[in-house]
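Breakdown of the fold
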Amino acid sequence: MKKTLIALCTLAVGGMSLSACGGSEAADDGSITMGFAQVGAESGWRTANTTSIQDSAEEAGIDLKFSDAQQKQENQIKSIRSYIQQKVDVIAFSPVVETGWDAVLQEAKRAKIPVVLTDRAVDTEDTSLYVTFIGSDFVEEGEKAGQWLVDNADASDVDKDGAVNVVELQGTTGSAPAIDRKKGFEDKIAADSTIKITESQTGDFTRDGGKQVMEAFLQSNPKIDVVYAHNDDMGLGAIEAIKAAGKKPGTDIKIITVDAVKDGMTALAAGEINFIVECSPLLGPQLMDVAEKVVAGEEVPDRIVTEETTFTPEQAAEALPDRKY
Ligand code: AHR
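These numbers come from a predicted model, not from an experiment.

1. Description of the site of the ligand
With respect to spatial proximity, the complete set of residues near the ligand consists of Glu 42, Ser 43, Trp 45, Arg 46, Asp 119, Arg 120, Phe 138, Pro 177, Arg 181, Phe 205, Asn 231 and Asp 259. Between the ligand and Arg 46, the relevant distance is 3.0 Å, taken from an oxygen atom to a side-chain nitrogen or oxygen of the residue. Interatomic distance of 2.8 Å between a side-chain N/O atom of Arg 120 and an oxygen atom of the ligand. Here the ligand has 280 Å² of accessible area as a free molecule, and 100% of this is covered by the chains. Under a 2 Å grid-point criterion requiring more than half of the atoms, the pocket assigned to the ligand is the largest cavity. Counting only elements with at least two residues in the shell around the ligand, the list comes to α1 (44-60) and α6 (176-189). Of the residues contributing to the shell around the ligand, the split by class is four nonpolar, two polar and six charged.

Written as structure tokens, this is what we have:
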């Protein structure tokens, strides 16, 4: 295991996090140990993300200590504290929620262990508490979803009464993707006064959560034109609820989701989802690359944004045969 001095020495210089004190402290066997605190196993996206991290660590020869927080912040904090005690070389995690991390990140800083954020950001004024953040632009994802609806509002007004009623299935309350995807979507649909969010509740990013919330929405709302689900799994749960209510998903009610995992893409190609905004879970290779650089005392950018696209049903059908997750 390497010992590093770098966490305390991180400076923000022109958009780069610079490990100013230089890499390793002492002779070592050359190996890197990473403690990774995962959110949970709530979705197909998360499963693909975990596989990407585990496979990439093995490929890079990085010794990975992995924990699953079961979507609870207190479990993630416990894992991070345990990684600090074990004196790992680098800690990486995808925060369940945005706030409440300063105390444990201060502890990592005092222990001189660098922290890399992946997938989700933390809300803190002290950006010296982490070296970099690798992941998607969730606001932009929400904007892409909202823009699609603005461009297709006429087709989405199922009963042509001049109002496009949208129900929103939010991700985990307080999480960066739920906050940002909501904001991006709302910003874009503001351009069209016929589009209104009539209901919005959390389904916690799970299929079951999406199904249950959609069942309740269907019972209390006679007219739903569009479902905007913050991930594929909740959209797939909504499809089950819509079918059980005797309606046709994708036709009687349009569906927009985020992620583009295989199950979502299959439903899109079959016309049961109408549009998917991609969110890539394949963050493992970038994370290992950054971890090696950080431990070696090299510069890394303070923000690494994942490249993503969007899919229509036709594009999904074309992409599906090569889809790995
Ligand atoms: O943080 C990424 C989100 O978390 C994915 O969109 C969702 O499927 C997952 O649970």
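Following the structure, the description resumes.
2. Some words on the domain arrangement of the protein chain
Assigned domains of the protein chain: these are domain 1 (9-136 + 280-308) and domain 2 (138-278). Its C-alpha centre places domain 1 at a distance of 32 Å from the equivalent point of domain 2. Counting residues at the interface gives 15 residues for domain 1 and 19 residues for domain 2. Both faces combined, the contact of domain 1 with domain 2 buries some 1,300 Å², and carbon together with sulfur accounts for 52% of it.

About the thresholds
In this numbering scheme, every chain counts its residues from 1 along its sequence in written order. Per-residue local features of the predicted model are confined to residues with pLDDT of at least 70, and side-chain atom pairs are confined, for both listing and counting, to 80 or more; whole-chain, interface and lining totals are unaffected and use all residues. Calculated side-chain values reflect all of the structure's heavy atoms, with hydrogen atoms and water omitted. When we say a residue is near a molecule or strand, we mean one of its heavy atoms is within 4 Å of it. Throughout this description, a polar contact denotes any pair of N or O atoms lying within 3.5 Å of each other; where both atoms belong to protein, one of them has to be capable of donating a hydrogen while the other can accept it, and for residues adjacent in sequence the pair is counted only when both atoms sit in side chains. Surface exposure here means Shrake-Rupley accessible area, sampled with a 1.4 Å probe, where a residue is shielded only by the protein chains that are shown. Throughout, the protein atoms alone are placed on a 1 Å grid, and a set of points is a cavity if a 1.4 Å probe fits but cannot get out or a pocket if it is open with protein on both sides within 12 Å along at least five of seven lines; lining residues have an atom within 4 Å of a point. Those molecules having more than half of their atoms within 2 Å of a cavity or pocket grid point set are described as sitting in that cavity or pocket. Only DSSP runs of H or I reaching four residues or more are called helices, and only runs of E reaching two or more are called strands; each is numbered from the N terminus. In this count, Pro and Cys sit with the nonpolar residues alongside Ala, Val, Leu, Ile, Met, Phe, Trp and Tyr, while Asp, Glu, Lys and Arg are called charged and the others, Gly among them, polar. Residue ranges labeled as domains rest on an automatic or database domain assignment. What makes two residues a contact is simply this: any of their non-hydrogen atoms within 4.5 Å. Joining two parts hides part of their accessible area as seen by a 1.4 Å probe, and the buried area is that hidden amount summed over both.

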